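# Examining the three-dimensional arrangement
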Amino acid sequence: MRPRIAVIGAGSWGTTFGKILADGGADVVMWSRRPELATEIQEAKRNSQYLPGINLPRAMSATHHLSEALDGAEQVYLSVPSQALRENLKAVRPLLSRTGVPVVSLMKGVERRSGLRMSQVIEQELHCDPARIAVASGPNLALEIAREQPTAAVISSVSQETAEAVARRARNKYFRTFVNTDVIGTEFGGVLKNLIAVAIGIVDGVGYGENTKASIITRGLVEMTDFAVAQGAEQETLQGLAGLGDLIATCQSPLSRNNTAGRLLGQGYSFQDVVKQMNQTAEGLASVAPVLQLAREVGVQMPIVEQVKMVLDGTMNPRDIAPHLTTDDDTPAGERTQNGQAGGGGALWRSLQRAFDQFRNSERSASSD
């Protein structure tokens, strides 16, 4: 029998992940806050607002009743705006209180008020064992995947068993999943790359070229690594799919919401105008302030993100940003991260070895299914 899976949230990424799961052999029930969207997915097998031109699998259904979506679900995937997660979980909690099913976060943000990662909010609101919680991340632009263009992602949980169970379900002929147990690094990789993508969008909107963008991406990865390691992440995770992979995809694609938001800022639109023009949530805009607060608490310098905040606040002209993005002062500094490890041959070799081990383990688990 096909397993029953629930996806909470029917935006572009939630609907795409529902398609991934359905194409991988599951019966997927989408929950949409808006009844008319649920009806379109249910009857027409389309989501014309968020995934125009995409035909959804017949194994996907939809409802705007949470109880219907969650009834009998073997796994639950969450894909709502990060700042609305806590509120949505209050409604989910009584419906999952007697189950032990895995709960998977598809979101890439931190809660503005608390600075908590999404898995921490899930743990708090559902009062559940962290071993039940997994997160998915990687270079995953929704529309490309919905068009079945091949890509990979990483599933992370403090429980290897949970990570592998989710990874076995969330894969198909065009979507491959790897696993790790570094939830902190996997989540912060997905959060931080959004901030760097906003910076790339800003300089792109101003009209600066590839040298500027390459410099920001490279030094942005250093900032991401410094921050994540200081929070308890493994450095290698930031050199993998959830870090470097997601950073490249998000920074270079016009499909990226955060890149688009930054480009509008660079073209002179105010923060309020950008929010009005965006059809979907750009998580990076909401994450800048809480990330900088967390960085200050652990003594990590993030000059690129600081400059992005100044543009968002209207205290810096976007055209003035580029000379200052990749350094915080005029003092000559080395290229390594603040923890003194990035860029070393040993770190690079460990990253390549880890990727090889992940691929080998994934092949082994695929052959055993």
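Residues numbered from 1 in each chain as written. Predicted model: local features only at pLDDT ≥ 70, side-chain atom pairs only at ≥ 80, totals over all residues. Heavy atoms only, no water.

### Some points on helix 8 (residues 183-206)
- Given a rise of 1.5 Å per residue, 24 residues ought to cover 34 Å, and the 36 Å separating the end C-alpha atoms of helix 8 matches this to within 8%.
- Counting buried positions along helix 8 yields 22 of 24 residues, so the element is predominantly enclosed.
- Of the residues flanking the end of helix 8, it is Gly 207, one or two places downstream, whose phi is positive at about 115°. (Helix = DSSP H or I, 4+ residues; strand = E, 2+ residues; numbered from the N terminus. Expected span 1.5 Å × (residues − 1). Buried < 20%, exposed > 50% of the residue type's maximum accessible area, 1.4 Å probe, protein only.)

### Thoughts on the packing of helix 8 against helix 9 (residues 210-230)
- Packing of helix 8 against helix 9 leaves a shortest axis separation of 9 Å and a crossing angle of 155°. Regarding the angle of helix 8 to helix 9, the classification is roughly antiparallel. Taken as a pair, helix 8 and helix 9 cross one another with a handedness that is right-handed. Residues Ile 184, Phe 188, Gly 189, Leu 192, Lys 193, Ile 196, Ala 199, Ile 200, Val 203 and Asp 204 of helix 8 pack against Thr 212, Lys 213, Ile 216, Ile 217, Gly 220, Met 224, Phe 227 and Ala 228 of helix 9.
- Along the lines of polarity and charge, the residues of the contact of helix 8 with helix 9 split into 12 nonpolar, three polar and three charged. (Axes fitted to C-alpha atoms, helices over the stretch in contact; angles between N-to-C directions. Parallel < 35°, antiparallel > 145°, perpendicular 65-115°, else oblique. Left-handed = near helix turned anticlockwise from the far one by under 90°. Contact = heavy atoms within 4.5 Å. Nonpolar A, V, L, I, M, F, W, Y, C, P; charged D, E, K, R; others polar.)

### Observations concerning the pairing of strand 1 (residues 4-8)
- Here strand 1 lies mainly inside the structure; four of its five residues are buried.
- For strand 1 and strand 2 (residues 27-31), the ladder comprises five bridges, and the chain directions are parallel. The residue of strand 2 that forms the bridge with Arg 4 is Asp 27.
- Remark: the strand 1/helix 1 (residues 12-23)/strand 2 crossover connection has right-handed handedness. (Pairing = 2+ DSSP bridges. Right-handed = clockwise from strand over helix to strand, strands pointing away.)

### With respect to the packing of aromatic side chains
- According to the stated counting rule, one finds four aromatic pairs in the structure shown.
- Measuring from ring centre to ring centre gives 5.0 Å for Phe 188 and Phe 227, while their planes differ by 85°; the resulting arrangement is edge-to-face. Within this pair, whereas Phe 188 is found in helix 8, its partner Phe 227 is found in helix 9, the two being separated by 39 residues in sequence. Pair check on accessibility: Phe 188 and Phe 227 agree, each one buried.
- The rings of Trp 13, Phe 17, Tyr 77 and Phe 175 are connected pair by pair, giving a single aromatic cluster. (Phe/Tyr/Trp six-rings, centres within 6.5 Å; stacked < 30°, edge-to-face > 60°.)

### A few points about the nonpolar core
- Within the largest apolar cluster, 40 residues are counted, with the highest numbers of intra-cluster contacts made by Leu 192, Ile 196, Phe 227, Leu 265, Val 291 and Met 302.
- Secondary structure elements with two or more residues in this core: helix 8, helix 9, helix 11 (241-252), helix 12 (257-266), helix 14 (283-298) and helix 15 (303-313).
- Of all the elements, helix 8 adds the most residues to this core, at 11 residues.
- When residues no more than four places from it in sequence are discounted, the contact partners of Val 291 are Val 110, Val 191, Leu 192, Leu 195, Phe 227 and Met 302.
- Of all hydrophobic cores here, the second largest spans 37 residues; its members include Ala 10, Ala 26, Ile 54 and Phe 175. (Core = buried A, V, L, I, M, F, W, Y, C linked by side-chain atoms within 4.5 Å.)

### Considering the sheet that holds strand 6 (residues 133-137)
- Taken in spatial order, the eight strands make up an open sheet running 3-2-1-4-5-6-7-8, and their pairing is mixed. Of all the strands in the sheet, just strand 3 (60-63) and strand 8 (175-180) have a single pairing partner and so form its edges. The mean inter-strand angle of the sheet, taken between neighbouring strand axes irrespective of direction, is 25°.
- Taken together, the four bridges between strand 1 and strand 4 (residues 75-78) define a ladder with parallel strand orientation. Within strand 4, the position partnered with Ile 8 by the bridge is Leu 78.
- Helix 1 rests against strand 1, strand 2, strand 3, strand 4, strand 6 and strand 8 of the sheet, and its axis sits at about 165° to strand 2.

### Comments concerning the pattern of salt bridges
- A complete count under the given rule lists 15 salt bridges for this structure.
- Residue Glu 125 pairs with Arg 86 through a salt bridge whose shortest N-O separation is 2.8 Å. Of this pair, Glu 125 sits in helix 5 (residues 118-126) while Arg 86 sits in helix 4 (residues 85-96), and the two are 39 residues apart along the sequence. Residues Glu 125 and Arg 86 agree in their burial class; the two are buried.
- Notably, a salt bridge pairs Asp 246 with Lys 193, separated by 3.7 Å at the nearest N-O pair. In this pair, Asp 246 is assigned in helix 11 and Lys 193 in helix 8, connecting sequence segments 53 residues apart. Across this residue pair, the class does not change: Asp 246 and Lys 193 are buried.
- One salt-bridge network, held together by shared partners, links Arg 86, Lys 90, Arg 93, Glu 111 and Glu 125. (Salt bridge = Lys/Arg side-chain N within 4 Å of Asp/Glu carboxyl O.)

Any link to function would need more than the numbers given here.
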